[in-house]
Amino acid sequence: MIDQPYVYRHSALVEPEWQRLPGWAAVTPQEWGSAQWQRAHCIKNIRQLRQVIGDGLDERFYADLERDQAERATMSMLVPPQMINTMVPRLSPADPGFTDAFYADPVRRYMIPVFSDRRTDWPSHPEASRDSLHEAEMWAVEGLTHRYPTKVLAELLPTCPQYCGHCTRMDLVGNPTPIIDKHKFELGRDDRLSAMMDYLRRSPGVRDVVVSGGDVANLPWPRLESFVAGLLEIENIRDIRLATKALMGLPQYWLTDEVRAGMERLATVARQRDVSIAIHTHVNSAQSVTPLVAQAAKAMLETGIRDVRNQGVLLRGTNDKTEQILDLCFALLDDAKIMPYYFYMCDMIPNAEHWRLSLAEAQQLQHDIMGYLPGFATPRFICDVPYVGKRWVHQVARYDRERGISYWTKNYRTGVESDDALALDREYEYYDPIHLLPEAGQEYWRARIAEKTAEPVAVG
Ligand code: SF4
């Protein structure tokens with residue numbers, strides 16, 4: 001046997017026992033399997049978390065969480081029981097070491113962030129912004145981002161069944177937090193969706209629509225089905241991708257009779273019209289892939305859709321180790337039939353520096369996972385560069401490691417650059433977390449901030 005940096009072992013998926021959590025000790029399998037029960041028992045605040053987990057979690061954790069919610073959180077709390085149950089799956093709150101294990105848990109790290117997780121030296125990058133990918137600037141009509149030549153992103157709704165602490169759409173998605181007010185759509189839902197459909201009908205160059213949000217699992221099924229059915233009537237649309245983290249966070253929803261039957265109707269029409277429908281989900285950690293998640297993914301494949309793919313996000317403390325990424329990819333591939341597809345670098349939103357990896361770290365991870373998975377299931381690591389779009393991490397044009405600035409080029413104009421003659425000649429910047437830079441790089445940023453603050457304010 002050759003000694004290898006990573007050793008593959010097939011491990012059977014496990015649904016942790018929810019009865020180990022005091023608040024759910026009496027919950028029956030029927031209740032647990034009900035999407036309605038799951039939605040009604042989501043954890044939205046500290047009081048509810050305490051009711052479920054109880055005194056097994058030290059007071060210091062609850063205080064840490066309270067401070068984060070008041071001073072740092074960009075997303076409000078919303079965690080379905082299914083996701084809570086995958087945190088610290090092998091310990092009960094009464095077991096010694098539960099609090100430390102909860103602090104260290106990879107799912108907890110991004111679903112229930114606490115103040116002590118975050119950087120105090122550089123909590124936010126100076127170039128971080130609320131809509132860091134400038135999606136709203138590129139709306140062709142409200143909620144429809146037209147960034148790439150042949151594909152669009154349709155943000156159908158601003159809610160999800162679960163809110164992730166690192167959400168890149170923190171500007172729009174979820175409820176306001178004490179430090180972040182949310183952008184509100186101006187048009188009502190039906191008018192917005194009709195305007196999107198009208199735009200797509202008059203845009204023959206678009207062949208690929210990412211139907212997203214938020215999370216499409218929060219749109220009443222009949223409304224989602226009619227939107228997708230409308231897309232299927234547009235001649236030039238060949239790919240439809242439905243974005244739903246809930247396939248993992250609330251698999252019970254994708255297992256309901258209504259959704260399975262509806263998806264089968266859509267898949268049948270799609271096949272007749274030679275269109276591919278796929279589900280894109282968002283799983284960041286192997287322990288989230290449980291038998292219920294696998295069942296939901298396979299139920300969707302059985303409806304006749306083309307594929308179920310995963311787009312994870314690289315997050316320090318969750319999946320920044322080669323072993324964590326490979327364990328996740330094999331769990332997805334072996335038993336859930338979910339295709340590992342992308343891992344995005346966490347975007348430059350406020351208060352995210354403790355999660356973000358540098359470009360060099362992402363490149364190293366990409367290097368280190370090569371050769372273990374089948375080629376077709378080897379995920380690409382992606383840097384979503386503002387005003388550029390997705391780039392594989394090794395596609396960088398230049399990289400100043402001291403200042404943590406990478407420079408990127410592009411080969412198409414986004415929706416806001418139709419008159420920009422230099423758009424294809426310019427280099428676009430992306431920034432590493434400053435706390436990872438050598439002292440000279442950190443000094444550069446301190447000086448850059450000081451210079452900016454000293455700039456005279458125009459009067460008049
Ligand atoms: S599911 Fe997606 S859109 Fe919803 S909060 Fe998480 S990252 Fe944001």
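See the structure printed just above.
Here we summarise the structure given alongside this text. Values in this document were obtained by computation on a predicted structure and should not be read as measured data.

Turning to the environment of P126, a few remarks are in order. Along the chain, P126 turns up in the loop between α7 (106-111) and β1 (139-141). On the accessibility criterion, P126 (32% relative accessible area) is partly exposed. Along the sequence, P126 and W445 sit 319 residues apart, while their C-alpha atoms lie 8.3 Å from each other. In this structure, P126 is in contact with I434, W445 and I449, ignoring residues within four places of it in sequence.

Estimates place the volume of the largest pocket at around 710 Å³. Taken together, 30 residues line the largest pocket, and the ones lying closest to its centre are S11, R90, A286, Q287 and D327. Considering every element that reaches the lining of the largest pocket, the biggest residue donor is helix α14 (residues 322-335), with eight residues. Of the residues that constitute the lining of the largest pocket, the class distribution is 14 nonpolar, eight polar and eight charged. By volume, the second largest pocket amounts to about 240 Å³. Lining the second largest pocket are R309, M339, P340, Y341, Y342, Q366, M370, G375, F376, T378, P379 and R380. In terms of residues, the lining of the second largest pocket owes the most to one element, strand β8 (residues 339-345), which gives four residues. For the lining of the second largest pocket, the residue count by class is seven nonpolar, three polar and two charged.

What follows covers the site of the ligand. Within the structure, the ligand sits among M75, C160, Q162, Y163, C164, C167, G214, K245 and H282. According to the grid-proximity analysis, the pocket containing the ligand is the largest cavity. Here the residues of the shell around the ligand are counted per class, giving five nonpolar, three polar and one charged.

The interhelical angle for the contact between helix α8 (residues 189-201) and helix α9 (residues 221-232), taken along N-to-C directions, is 15 degrees, at an axis separation of 10 Å. Here α9 runs roughly parallel to α8, going by the angle between their axes. The element α8 and its partner α9 pack so that their crossing is right-handed. Of the residues in α9, those in contact with R189, D190, L193, M196, M197 and L200 of α8 are R223, F227, G230 and L231.

Scanning all chains against the criterion turns up zero disulfides. Between C329, a free cysteine, and C164, which holds the nearest cysteine sulfur, the sulfur-to-sulfur gap is 18 Å. Take C329: its relative accessible area is 0%, and that puts it in the buried class. No disulfide involves C346; its sulfur sits 10.0 Å from the nearest other cysteine sulfur, which is in C167.

Taken together, the buried positions of helix α15 (residues 359-369) are occupied by L359, A362, Q363, L365, Q366 and I369. Buried residues of α15, viewed axially, fall in a sector of 160 degrees; they line one side.

This paragraph deals with the sheet that holds strand β11 (residues 398-400). One open sheet accounts for three strands, arranged β11-β12-β13; its pairing is antiparallel. Edge positions in the sheet fall to β11 and β13 (428-431), since each of these pairs with one other strand and no more. Here the strands of the sheet are splayed against their neighbours by 20 degrees on average, with no regard to which way each runs. Alignment of β11 against strand β12 (residues 405-408), held across three bridges, turns out to be antiparallel. When the sheet's bridge partners are listed, Y399 is paired in β12 with S406.

Once that is clear, we can look at empty space enclosed by the protein. Tallying each qualifying case throughout the model produces three cavities of 30 Å³ or more. Approximately 880 Å³ is the volume attributed to the largest cavity. Taken together, 40 residues form the lining of the largest cavity, with T168, R169, S212, Q311 and Y344 sitting closest to its centre. Those elements that place two or more of their residues in the lining of the largest cavity are β3 (151-155), β4 (208-212), β5 (239-243), β6 (276-281), β7 (307-314) and β8. Here the lining of the largest cavity gets four residues from one element, more than from any other, and that element is β8. Here the residues of the lining of the largest cavity sort into 18 nonpolar, twelve polar and ten charged.

Time to look at the nonpolar core. Core analysis: the biggest nonpolar cluster contains 139 residues, and L49, I112 and W254 have the highest contact counts within it. Tallying contributions element by element places α14 first for this core, with eight residues. Residues contacting I112, with those up to four places away along its chain left out, are L49, F61, L65, M77, V79, I84, M87, F102, V107 and D117.

Moving on: the side chain of S358. Relative to the helices and strands, S358 is located in the loop between β8 and α15. You can call S358 buried: its relative accessible area is 8%. When neighbours within four sequence positions are excluded, S358 is seen to be in contact with R316, M345, Y399, D432, P433 and L436.

Attention now moves to the sheet that holds strand β10 (residues 389-392). Strand order across the open sheet formed by ten strands is β1-β2-β3-β4-β5-β6-β7-β8-β9-β10, with mixed pairing between neighbours. A single partner strand is all that each edge strand has here, and the edge strands are β1 and β10. Pairing analysis gives four bridges linking strand β9 (residues 380-385) to β10, with the strands arranged antiparallel. From the neighbouring strand, V385 faces β10, where its bridge partner is G389.

About the cut-offs
- Residues numbered from 1 in each chain as written.
- Predicted model: local features only at pLDDT ≥ 70, side-chain atom pairs only at ≥ 80, totals over all residues.
- Heavy atoms only, no water.
- Helix = DSSP H or I, 4+ residues; strand = E, 2+ residues; numbered from the N terminus.
- Buried < 20%, exposed > 50% of the residue type's maximum accessible area, 1.4 Å probe, protein only.
- Contact = heavy atoms within 4.5 Å.
- 1 Å grid on protein atoms, 1.4 Å probe; cavity = no way out; pocket = protein on both sides within 12 Å on 5 of 7 lines; lining within 4 Å.
- Points joined across faces, edges and corners; volume = space filled by probe spheres on them.
- Nonpolar A, V, L, I, M, F, W, Y, C, P; charged D, E, K, R; others polar.
- Near = heavy atom within 4 Å.
- Sits in = over half its atoms within 2 Å of the grid points.
- Axes fitted to C-alpha atoms, helices over the stretch in contact; angles between N-to-C directions.
- Parallel < 35°, antiparallel > 145°, perpendicular 65-115°, else oblique.
- Left-handed = near helix turned anticlockwise from the far one by under 90°.
- Disulfide = S-S within 2.5 Å.
- Arc of directions from axis to C-beta.
- Pairing = 2+ DSSP bridges.
- Core = buried A, V, L, I, M, F, W, Y, C linked by side-chain atoms within 4.5 Å.

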